[in-house]
Each structure stands twice: as C-alpha cells, then as structure tokens.
Amino acid sequence: MIMAFAIDEINKNSNLLHNVTLGYSLYDNCATLIIGFSGALSLASGREEQFLLHENCSGSPPVLGIVGDSYSTFTIATSNVLGLFKLPIVSFPSSIFGIFPSFFRTIPSDSFQVRAMIQILKYFGWTWAGLLVSDDDYGLHVAQSFQSDLAQSGGGCLAYLEVLPWNSEPSELKRIVNLIKTSTARVVMVFAHDMQSIPLMEEVRNVTGLQWIASEAWTAAAALQTPRLMPYLGGTLGIAIRRGEIPGLREFMLQIHPDQHDDDTYGNLVKQFWEHTFHCHHAPPPSGWIEAGGALCTGQEDLQKAETDFLDLSNLRSEYNIYKAVYALAYALENMLQCEPVCHLPYFLLLILLQLVHYLQKVNFTTSFGDEVSFDENGDVLPIYDITNWQWLPDGGIKVQHCDGYLTTLYILILVSQQPPRSVCSESCPPGTRRARKKGEPECCFDCIPCSEGKINSTECISCPEDFWSSPQRDLCVPKKTEFLSYHEPLGICLTATSLLGTFICAVVLAIFIHHRSTPMVRANNSELSFLLLVSLKLCFLCSLLFIGHPRLWTCQLRHAAFGISFVLCVSCILVKTMVVLAVFKASKPGGGASLKWFGAVQQRGTVLVLTSVQAAICTAWLVSASPVPHKNTQYQNDKIVYECVVGSTIGFAVLLGYIGLLALLSFLLAFLARNLPDNFNEAKFITFSMLIFCAVWVAFVPAYVNSPGKYADAVEVFAILASSFGLLLALFGPKCYIILFKPERNTKKAIMGRGTTTS
C-alpha cells in the first residue's frame, strides 16, 4: 500500500515526471529465495520486445527498476544477476554488506549498524559482551565486521560469538542459552531476524540480569514485546530503522475497497486484507462457510471503525524506506528525462536502462518529513538510526520508547535515555559497585552494592592494569606471573653455583702459582701474563652473575660491558702469550735474537691494555648511543610478564661479540702455526686446544640465543660464558697445576732444559 500510495502521489504531482505515468507490479516472495528470485527475473524478462517500440511510443511499458527484496540473502542473488543488465534495484530492508553494480538502498548498511552498536557499548562503558548472529549472510557478515571494528576501536572484547540455527533446533538453542547463563558477560547483542529471535527468547526465559541489545531486524518485533517476556527483556536497547511520517497516507488507506481493483495481485491482497479485518468472505464462499455461521463481505463494512493495526501509522520504518525508494527512482527518471527527449530514437528505452543507474547515483531530494535522500558511491544512504528502549511499566504495561537520532559514520548524536539500564555498574556508583534498585521505589532510586553480590555480575568490564590479569571468573584483577632467571629457581641456582665454583678454582690456581712463582714451571710460562689471565678468568666467571636475578637498569647496562671487557682481557693475554712463544722460538735461531726486544714486559702489558681499551670504547659507544634497558615482555603469554634486558642496539652487541671473535680467531691461528714447536711443555698446543673450545662454544651460542625465549636466552648466554671460561681454565692451567702438585720432579730447570734438548 505504501508503494501504491507513493506512485499515485507521484502521478498526481504536476511538477514531477510531467507527461509520464508510472505503473507497478507486486510480487510476493513468500519468504522463499526461489520465488523472490523468479519474480525479479519475471519483471526483467521480455525486454527485447519492449525495446522494439514505434515512433509513437506504443508498446508494453518497460520495467525500469525494482524495489526490494526483503532479505539480504535474496538481495545478493537478485542483484548479482540483474546487475549484469544494469537494471537498478532499490532495497528498503536489505542491509547486507557488499557493492553491486546497480544496487541501491534506503536503509543504512550493516557496517554502520555495527559501528552504532559499538558506540552504544562505549557510551555505557560495557567492554565485555556476547554476540549472537543469524546463520545467513546478514549475521555472518556482521560477525566478521564486528570483530574487526571492535578490535580497532579498543572498546572491549567478545566473551563469545554464537550462530543461531535457522531450524530452531532445541538442543542447539539449549547449548547457546547455557553458554549465556554461565558466561560472565551480562551484555548480549543479537543480530538476527525475528523468526530466530523468538525461539531464542522463549528458551532464555527465567534468565534475569541480562542486558539485551537488538539489531534492527527484531528490535520492533511485537511478538517479543509481551507481558510474559518483558520481565526478562525489559530494558532492551535496540537499533531501529529511521521512523518517518507520510502525509496523506491515512486518507489513502481509508479509500481502500475491494471493489475498486481488478482481480490481480494487488486486488487479491486487498480482498485478503478485507476478509481478515472484517471476518467475512467474498462470494462465492467456500463450502460450509455459511453453514458454520460465517458472513459474506458486502462492501458496506466501515474500515475506519475496524479494530486493526493497519491504520496505525505512528511507527513507519520499513514502510517509510519503501516510500523513499519509489521516489528515488522517480527523481532519477525525472533528471534523466530532462537531458534526453522522450522517443528521440527507437532505442531510447535501452538508453534509459543504461543511464538510469547513473542518475540514481546523483539523486538528491528531501522528503516531506525532512530527510535528505542521496546515495554514495556504494549505493548507501546517509546512515540514520533510531534507538529504542523496551520499558516495563509498574502497571504491567509495555512501552517502547523511541528516540529519533542521526548516526554519522562515527558518532551517535542522540540516545534514548541518559540513565543506564538496570543492573549496570554506573559512574554514579564507586568502582566495583553497581546500582541496586530499592524495592517499591521508582527506578531512579537506587543503592550502590558490590558487583559480586546477588546473582548478577556486573555488566561493566574494567581493563586490568598492565601488571595484572583477570581471574578465571573475570571478577577481579590478579597479579600476572613474573618470569626471569632467578637465584631461587633450580636453573638459576645451578648456574650461580657453577659460576662461584669457577671463581673459586681460579682463586686456588692463582694461589698455587703465587706460592710456586719461583719454580721453573711458573717462570717459564710468563708468570705475569699467567697471573693477569687468571684474574681475567675470575672476572669472566663473576660477570655471569649479572645475568641472574631481576633485571635492573644498572645490571642490564653492566652485564654486557663486563662480559665483553673481561673476555677481551682474557683473550688478549692468550694472544700475547702466543706471540711471545713464537718470538722465543724465532730468537733461538741464528740471527733471531733482535725480535725479543719487541716482546718485553712493557710491550706485553701495553699490547693487552690497547686491545682491551678498544673493547672498552665499543662498550662506551654502545651504552651512550642505545643502552640496554630492562623490559616487561608480554608477547610470549598474555598472563605472564617476562622481565628481560633488551640489547638496545643489535649492532653494538654484534660488534662486541665480533671483536672478541676476531681476537680469538687470531689467537687460534697463531697457536695452530706454533703447535709443533720444540718445547718441553708445548704451550702452543694447549692454547690451540683452548681456543678451539672457545670458538666452538660461541659459534653454537648465536643460534641458541636467538631461538631461546625469555629467561632461557639469559641462561644460554650464562652457559656459554661458563663453558668457555672453564675450557680456557682447564686447557691452559690444568696440565701446569698437575705437574706443580703431583710431578714436582718435572718442575725443575734441569728437567725442563734436558727434555727440551732431547726433544729438539
């Protein structure tokens, strides 16, 4: 009737489509895809004959556009096919996502409805909610968009996302209702049609304390706004299609009479309506109708006195969109006819079909209700929604309060009520408490009680601080577990004990060398460098302790600097010892004595100092430019904080390790060249062996360190420090201590000189 009224109004308007008369055909899709799709194809069929018109414009009138269909899934099927022929489709209730070549709609896209729903959540501070969607394109596209938009807005989280079955299977509905009952989320959003929402609400009865938010598909469902369900659905917020008013519509409705229409689809619909309204039947009546006391329709029935909702025009929503859709097609045709004269050429109607889509894209008019109608590049209109609130009145009545509101792509400008619905932890109450309505008092009178009291958990979700995590019941914030290489765990204890053991052994060896410093074994092996090497090894063992314990700024900065300088000092001593061995051997040959002057005690100390100073400069530049700092890492697990030291500059760390590796490699090469020198106690062989162990440990360290998460990266580095330190200590000083302590007969100058002579 809205479509009939709109076309009748347009045809009577002398300022719109002058000398052009619009007609229409009505098809009932019977809520079935194949029937609606067939109807759309029927409207578009036979156009080949319509194009073959005579110059006097005689022939069957063409179908220039379709208003419909009523479901998103049906619209997709129809638009994909008819879009190939550029036949414009203007839908009034289909809010499905997507862009079709000739598809327009006077209802906002679901992408805007999703944003409106998220804004409602943010307005009331609800950050923990459940989402139920229908098992079709409407619901599934909404679910996908809702998750991405909610994540981008940072407005909260979904406790669950469930798909409502079309067949209302009892077992599946019971499972979903049980999930709603057991979930800590007390806000439930439902994007579904009324035929799915009604079975759900029948099943969810006796579940109180839920805040329902309805999509436009069921927010105006009268079957749910009943006294039986309102105790559980009272306070429901809904997003509704924009309500409008159509002047003159009531008068048009009152003129409806079954005798004024032929026996077509429209006439049949009017007769069915008349029989339903007045409980009568047109002649001839079905068999037994009169005998059962049924009345015949006389045509004298007064529609104005009938008890029917048909004349209630106060809540026109989808109907108002139909009105706008018809006018959009009319204005597009009007604009096009102003540019192209009627019947200018035989193919004018073909031109209409090809260009009408173009003119629809440029439509811009204002309805008598004051709404501006225009389409963007996607065929969408300006997103405007009303917000509704289902209210359960004290006298047992039901009131659905409406608020006409505009929604842009980002903001709801008007909301229905400034007071949050019941069972909400509002800002008027202290944190952790909620409003509790006083018995017998108006809803505005309330007490603030803890959110955990009673059967309701709060509908407010508060983000926990950075160092806290929600409890399994999601009712309070508990400290996150912390993880670092601790002195109190078995791994930390073992590494600490090993470090202290290595330090103790170094001290014992140093004491042995000091006590036997006058013996040939100590004197023959460059005692000063040996003492310095033992001190550097002790520092290497001790620096590993900086990697254990809670990371602090000073430990993060000191650990790598101490490690780098200690090992360079150690390897520098070994490198100088190797060079001295080669110099002594060369001096033993004729004419080679001059080379020893370059390897005196001063030169040895100076070389070690210069090589170590280079590493100290590298560490200083690293600490100044990009110093290592402690960091709370939550990337491994959300409920755990991993305390670690980030290196700051990866380049600085790489240069530090590279310099140590360069000195170690140089020492290894020189010692390898001198491994067969004729020496009673071949120092070069043990240096070669020690450097081989050192390089192998640190080559294996790099991939192990990179692939170890959290505290295990520190454990790998400590292990590498201890392993390489023990390798140097045992390879360089183990054989010497053995001779000093257990083979004193070999620790004499005569024995050393004699063996040296025999060997050579």
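In case you missed it, the structure is sitting above this.
Scope of this entry: the structure provided in the associated data block. Here the structure is a predicted model, which is why all the values come from computation and not from measurement.

**Considerations on the sheet that holds strand β19 (residues 481–483)**
Spatially, three strands are ordered β19-β21-β20 in an open sheet, and the strand pairing comes out mixed. Both edges of this open sheet fall to β19 and β20 (629–633), since each of them pairs with a single strand only. The sheet shows a mean angle of 25° between the axes of neighbouring strands, direction not considered. In terms of strand pairing, β19 meets strand β21 (residues 640–646) through three bridges, oriented parallel. Of the residues in β21, the one forming a bridge with E483 is V642.

**With respect to the nonpolar core**
Ranked by internal contacts, the top residues of the largest apolar core, which has 68 residues, are F563, F694, W698 and F733. The dominant element in this core, judged by the number of residues it contributes, is helix α21 (residues 711–742), at 15 residues. Apart from residues no more than four positions distant in its own chain, F733 is found in contact with V509, F513, S530, L533, L534, L537 and L728.

**Points about the sheet that holds strand β3 (residues 103–105)**
Strands belonging to one sheet form pairs held by backbone hydrogen bonds; the direction of such a pair is parallel or antiparallel. Taken together, three strands build an open sheet; the order of strands is β1-β2-β3 and the sheet is parallel. Across the chains shown, the open sheet's two edge strands, defined by having one partner strand only, are β1 (66–67) and β3. Note: strand β2 (residues 89–91) against β3, three bridges, orientation parallel. Each residue of the ladder has a partner; that of V90, found in β3, is F104.

**Thoughts on the state of the cysteines**
Tallied over the entire structure, the rule returns two disulfides. Between C280 and C297 runs a disulfide, and the two sulfur atoms are separated by 1.9 Å. Since a negative S-S torsion denotes a left-handed disulfide, the C280-C297 link at about 95° is right-handed. Of the two residues, C280 sits in strand β9 (residues 280–281) while C297 sits in the loop between β10 (295–296) and α12 (318–337), which places them 17 residues apart along the sequence. There is no split in this pair, since C280 and C297 are both buried. Disulfide pairing is shown between C556 and C645; the S-S distance is 1.8 Å. Since a negative S-S torsion denotes a left-handed disulfide, the C556-C645 link at about -70° is left-handed. Residue C556 is found in helix α17 (residues 553–587), and its partner C645 is found in strand β21; the two are separated by 89 residues along the sequence. For C645, a relative accessible area of 11% translates into the label buried. Distance from the sulfur of C573, which forms no disulfide, to the nearest cysteine sulfur (C570) is 6.9 Å.

**Describing helix α7 (residues 170–182)**
Taking 1.5 Å of rise per residue, 13 residues should cover 18 Å, and α7 covers 18 Å from first to last C-alpha, within 8% of that figure. Looking at α7, one finds that the buried residues are L173, I176, V177 and I180. Buried residues of α7 fall within an arc of 100° about the axis and therefore sit on the same side. Counted as exposed and oriented over 90 degrees from the buried face of α7: K174 and T182. In this fold, the buried residues of α7 make contact with β4 (128–134), β5 (157–164), β6 (187–191), α8 (194–203) and β7 (211–214).

**Observations concerning the pattern of salt bridges**
Evaluated as defined, the whole model comprises twelve salt bridges. For D380, the salt bridge is made with R105, and the minimal N-O distance between the two is 2.5 Å. Remark: R105 occurs in strand β3 and D380 occurs in the loop between β12 (372–374) and β13 (384–392); sequence separation between them is 275 residues. Accessibility assignment for this pair places D380 and R105 in one class, buried. When the shortest N-O distance is used, the salt bridge between R228 and E202 registers 2.8 Å. Here R228, found in the loop between β7 and α9 (230–233), pairs with E202, found in helix α8; they are 26 residues apart in sequence, far enough to count as distant.

About the criteria used
Residue numbering note: each chain is counted from 1, following its sequence as written. Only residues with pLDDT of 70 or above have their local features reported here, since the model is predicted, and side-chain atom pairs are shown and tallied only from 80 upward, although totals for entire chains, interfaces and linings are computed over all residues. Heavy atoms throughout the structure, all of them, feed into the side-chain values; hydrogens and water do not. Two strands pair under a simple rule: DSSP has to find at least two bridges between them. Secondary structure elements are defined from DSSP: runs of H or I of at least 4 residues count as helices, runs of E of at least 2 residues count as strands, and each element is numbered from the N terminus. All axes are obtained by fitting lines to C-alpha atoms, using only the stretch in contact for helices, and the reported angles, taken between N-to-C directions, cover 0 to 180 degrees. Only buried residues count toward a nonpolar core, which is a set of Ala, Val, Leu, Ile, Met, Phe, Trp, Tyr and Cys residues joined through side-chain atoms within 4.5 Å. We call a residue buried when its accessible area falls under 20% of the maximum for its residue type, exposed when it is over 50%, and partly exposed in between, using a 1.4 Å probe and counting protein chains only. In what follows, residue pairs with any heavy atoms lying within 4.5 Å of each other are defined as contacts. By definition, disulfides here are pairs of cysteine sulfur atoms that lie within 2.5 Å. To estimate the expected span of a helix, subtract one from its residue number and multiply by 1.5 Å. Relevant arc is that of directions from the helix axis to the C-beta atoms, nothing else. In the sections that follow, a salt bridge refers to a side-chain nitrogen of Lys or Arg positioned within 4 Å of a carboxyl oxygen of Asp or Glu.

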